[in-house]
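# Notes for the structure review
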Amino acid sequence: QVQLVESGGGLVQAGGSLRLSCVASGRTFSIYRMGWFRQAPGKEREFVARIMWSAFTTSYADSVKGRFTISRDNPKNTMYLQMNSLKPDDTAVYYCAADTRGGGGYDHWGQGTQVTVSS
């Protein structure tokens with residue numbers, strides 16, 4: 001199993017920046033890809049960004065392109081989400097996730113970290 005712990009959330013004013021971290025432990029050797037998702041009140045969970053664990057291939061939701069950057073540090077078993085130019089509609093609980101099924105789906109999830117962007 002893989003355990004994921006997010007951190008770095010908080011309250012920030014519009015236009016500000018935050019960096020989220022997700023530390024993985026356990027069977028980290030089995031990770032195929034990792035991603036960030038978010039869920040705002042009254043909305044479904046949505047994809048934000050993902051990165052392949054053995055390559056530099058990344059993907060972003062259109063809503064965050066040019067503002068968010070996903071990165072990884074494999075020796076530290078850590079994934080990051082650098083969020084710049086934050087908007088109030090970025091407010092959500094952000095979750096990190098890991099796919100240990102070789103692309104079959106995200107089967108491990110963190111507990112989430114709250115990001116609140118004020119006007």
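You'll find the structure just up there.
Residues numbered from 1 in each chain as written. Predicted model: local features only at pLDDT ≥ 70, side-chain atom pairs only at ≥ 80, totals over all residues. Heavy atoms only, no water.

To continue, consider the state of the cysteines. Across all of its chains, the model carries 1 disulfide by this definition. The partner cysteine of cysteine 22 in its disulfide is cysteine 96, sulfur to sulfur 2.0 Å. Handedness here is read from the sign of the S-S torsion; for cysteine 22 and cysteine 96, about 55 degrees, the answer is right-handed. On the criterion of sequence distance, the pair formed by cysteine 22 in strand E3 (residues 18-26) and cysteine 96 in strand E9 (residues 92-99) is long-range, its members being 74 residues apart. With a relative accessible area of 0%, cysteine 22 lands in the buried category. (Disulfide = S-S within 2.5 Å. Helix = DSSP H or I, 4+ residues; strand = E, 2+ residues; numbered from the N terminus. Buried < 20%, exposed > 50% of the residue type's maximum accessible area, 1.4 Å probe, protein only.)

Notably, asparagine 77 is not glycine yet its phi reads approximately 50 degrees, a positive angle. Relative to the assigned elements, asparagine 77 resides in the loop between strand E7 (68-73) and strand E8 (78-83). A positive phi angle is found at serine 85, which is not glycine, with a value near 50 degrees.

Ordered by their spatial adjacency, 4 strands build an open sheet running E1-E3-E8-E7, and the pairing between neighbours is antiparallel. Edge strands, defined here as strands with exactly one partner in the open sheet, are strand E1 (2-7) and E7. Between one strand and the next, the sheet's axes are offset by a mean angle of 15 degrees, whatever the strand orientation. Note: E7 against E8, 6 bridges, orientation antiparallel. Paired with aspartate 73 across the strands is threonine 78, a residue of E8. (Pairing = 2+ DSSP bridges. Axes fitted to C-alpha atoms, helices over the stretch in contact; angles between N-to-C directions.)

This part is about the pattern of salt bridges. Once the charged atoms of two side chains with opposite charge are near each other, the side chains can pair. For the coordinates displayed, the defined rule picks out 6 salt bridges. Between aspartate 90 and arginine 67 there is a salt bridge, with the nearest N and O atoms lying 2.7 Å from each other. Here arginine 67 lies in the loop between strand E6 (58-60) and E7 and aspartate 90 lies in the loop between E8 and E9, a separation of 23 residues in the sequence. Of the two residues, aspartate 90 and arginine 67, neither departs from the other in class, the shared state being buried. (Salt bridge = Lys/Arg side-chain N within 4 Å of Asp/Glu carboxyl O.)

Counting 29 residues, the largest nonpolar core has Trp36, Met79, Leu81, Met83 and Tyr94 as the members making the most contacts within it. For this core, the elements supplying multiple residues, two or more each, are E1, E3, strand E4 (33-39), strand E5 (46-52), E7, E8, E9 and strand E11 (113-118). Once residues lying within four places of it in the same chain are set aside, the contact partners of leucine 81 are Leu18, Arg19, Leu20, Trp36, Val48, Ala49, Phe68, Thr69, Ile70 and Tyr94. (Core = buried A, V, L, I, M, F, W, Y, C linked by side-chain atoms within 4.5 Å. Contact = heavy atoms within 4.5 Å.)

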